[in-house]
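Understanding the architecture of this molecule
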Amino acid sequence: MFDPIFADPQTLALGALTGFIFGFLLQKSGVTRFNVILGQFLLKDFTVIKVMGTAIVVGAIGIYGMRAMGIDFPMHIKNATLLGNAIGGLIFGVGMAVLGYCPGTAVAAAGDGSRHAIFGILGGIAGAGLYAEAHPWVQQKILGVSNLEKATLATQMGLSPWWIIALLAVAAAVGFYMLERKTGTPPRAAH
Amino acid sequence: MSWYGLLLKPRWSPYVAGVGIGVLSWATFVFMGKALGTSTTFVQCAGALEGLVAREHVEGNAYLAKTVVGKPIIEWQFALVVMLFFGALTAKKLGGERFVEHVPKLWAWRFGSSRMLRYIAAFFGGVILIFGARMADGCTSGHAISGGLQLALSSWTFLIAMFASGLAAAFLLYGAEGRNHV
């Protein structure tokens, strides 16, 4: 290990540019704030769902649309080790409610002025080390139970992905319309 | 409004930011052959730190080895995660915000204003968070956004589990009364 330490400069520059824009967007949207994330889980502030839902629908239309137009690029679908995805997700949700950030927003939140997020990041590194020790057991008892590999909602239901994308887009449009009508845009003054 | 004026606004519509993240992921897929993600970087950090003191242990641990042995530790995603900090910092400065938070308002209402208690809780929250992310093989970026937009079954399973448990944990921690404090 440590040989090499660095990827090539172009890869690093592209990653850095992506991270800068991503962090910029996260801060401007408000999701780098503890109160906004906990506000989502307490069903008071729906900013997180609005940002994520919009990103997913816009992303899906672009990715599936470009592939349909014949532009060739690899997909990055993670293995459906369903029990691991579910239990990991349940554990993750508890961590997110306690810390008040997810991994990416914790780092962005530290840049945004959250001092306690720094301790969350350090804890995250410890959590990664801890998981590495537990992985052989997890692999045997949890990840091996059901693995549907690169399954998507579309392949699983035997439908064209466009049906799913249309459904998501309509659900997002109707859901966001109803949220805005019910709550309006909450005041997001800097505090 | 001019583009520059937009950069100076402290808050953007969540839909505008969401469109931005969606379009950003088109660019990472097509031009970089990558999907937005962050939690692997925590494994790289853990592997590198452990490697400094116990190299054989890292090389003998299959999970760490597959992430840090024989390939660069500082790569695309690592650079991305580091720059999340500076992107958010720049966005805040341009928006003219002066925000520093040691103990969030909601936390202080429920658990008191001790910085030490909050830092310890944040640390263990982080431990749980990344442990879960690695078991699920992704986090809110790699699974929820990147996997969600690919319609991956793994990612939608994660997304539903994560929201259900975050909601339950938040209500257990703060109760319905907490809603008046966010």
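None of these values were measured; they are calculated from a predicted model.

Remarks on the overall build of chain A
- The helix and strand tally for chain A stands at eight helices and zero strands.
- Each helix and strand of chain A, placed in order from N terminus to C terminus, yields the pattern α-α-α-α-α-α-α-α.
- Across its three principal axes, chain A shows a C-alpha extent of roughly 50 × 45 × 40 Å.
- A total of 191 residues make up chain A; the buried ones form 52% of that total.

What about helix α8 (residues 115-136) of chain B?
- Here α8(B) spans 31 Å end to end across 22 residues, near enough to the 32 Å set by a 1.5 Å rise per residue.
- The buried count for α8(B) comes to 16 of 22 residues, which makes it a mostly enclosed element.

Side note on the packing of helix α1 (residues 9-29) of chain A against helix α5 (residues 103-112) of chain A
All names here are of chain A.
- Between α1 and α5, the least distance of the axes is 10 Å, while the angle of their chain directions is 75°. In terms of axis orientation, α1 runs roughly perpendicular to α5. Seen from α1, the contacting residues are Gly-23, Leu-26 and Gln-27; seen from α5, they are Thr-105, Ala-108, Gly-111 and Asp-112.
- Its residues assigned to classes, the contact of α1 with α5 comprises two nonpolar, four polar and one charged.

Brief notes about the interface of chain B and chain A
- Listed per partner, the contact involves 122 residues of chain B and 115 residues of chain A.
- Each residue belonging to the side of chain B that touches chain A can be placed in one class, and the counts come to 78 nonpolar, 31 polar and 13 charged.

Digging into unusual backbone geometry
- Residue Pro4(A) follows Asp3(A) across a cis peptide bond; omega there is 0°.
- Secondary-structure assignment places Pro4(A) in the segment before α1.
- Phi at Leu43(A) is positive, roughly 60°, even though this residue is not glycine.
- By the element assignment, Leu43(A) lies in the loop between α2 (34-41) and α3 (47-68).
- Phi at Leu151(B) is positive, roughly 65°, even though this residue is not glycine.

Observations regarding the confidence of the model for chain B
- Taken over all residues, the pLDDT of chain B has a mean of 97, while the share at 70 or more is 99%.
- Confidence estimates for the predicted assembly give a pTM of 0.96 and an ipTM of 0.97.

Looking at the nonpolar core
- One finds Phe22(A), Ile37(A), Ala106(A), Ala128(A), Leu84(B) and Phe85(B) to be the most contacted residues of the largest nonpolar core, which totals 116 residues.
- When residues no more than four places from it in sequence are discounted, the contact partners of Phe85(B) are Gly23(A), Val107(A), Ala108(A), Ala110(A) and Gly111(A).

Overview of the environment of Thr140(B)
- Locating Thr140(B) in the fold gives a position in helix α9 (residues 140-149).
- Distance in space between the C-alpha atoms of Thr140(B) and Ser114(B) is 29 Å, their sequence separation being 26 residues.
- In contact with Thr140(B), not counting residues within four places along its chain, are Cys102(A), Gly104(A) and Ile145(B).

Let's talk about the packing of helix α3 (residues 39-53) of chain B against helix α6 (residues 76-94) of chain B
Residues and elements named next belong to chain B.
- At a closest axis distance of 9 Å, the pairing of α3 and α6 adopts a crossing angle of 100°. The angle between the axes of α3 and α6 places the two elements in the roughly perpendicular class. Counted together, Thr-40, Thr-41 and Gln-44 of α3 and Gln-77, Phe-78 and Val-81 of α6 form the full contact between these two elements.

As for α2(A)
- Of all eight residues in α2(A), eight are buried; the element is thus mostly enclosed.
- Turning to α2(A), its buried residues number three or more, namely Phe34(A), Asn35(A), Val36(A), Ile37(A), Leu38(A), Gly39(A), Gln40(A) and Phe41(A).
- Looking at the buried side of α2(A), the elements it contacts are α3 and α4 (82-99) of chain A together with α7 (105-111) and α10 (153-174) of chain B.
- Once α2(A) finishes, Leu43(A) follows within two positions and takes phi at roughly 60°, a positive value.

Conventions we followed
- Residues numbered from 1 in each chain as written.
- Chains lettered and ligands numbered in written order.
- Predicted model: local features only at pLDDT ≥ 70, side-chain atom pairs only at ≥ 80, totals over all residues.
- Helix = DSSP H or I, 4+ residues; strand = E, 2+ residues; numbered from the N terminus.
- Buried ≥ 20, exposed ≤ 12 C-beta atoms within 10 Å, placed from the backbone.
- Expected span 1.5 Å × (residues − 1).
- Axes fitted to C-alpha atoms, helices over the stretch in contact; angles between N-to-C directions.
- Parallel < 35°, antiparallel > 145°, perpendicular 65-115°, else oblique.
- Contact = placed C-beta atoms within 7 Å.
- Nonpolar A, V, L, I, M, F, W, Y, C, P; charged D, E, K, R; others polar.
- pLDDT = per-residue confidence, 0-100.
- Core = buried A, V, L, I, M, F, W, Y, C linked by C-beta atoms within 7 Å.

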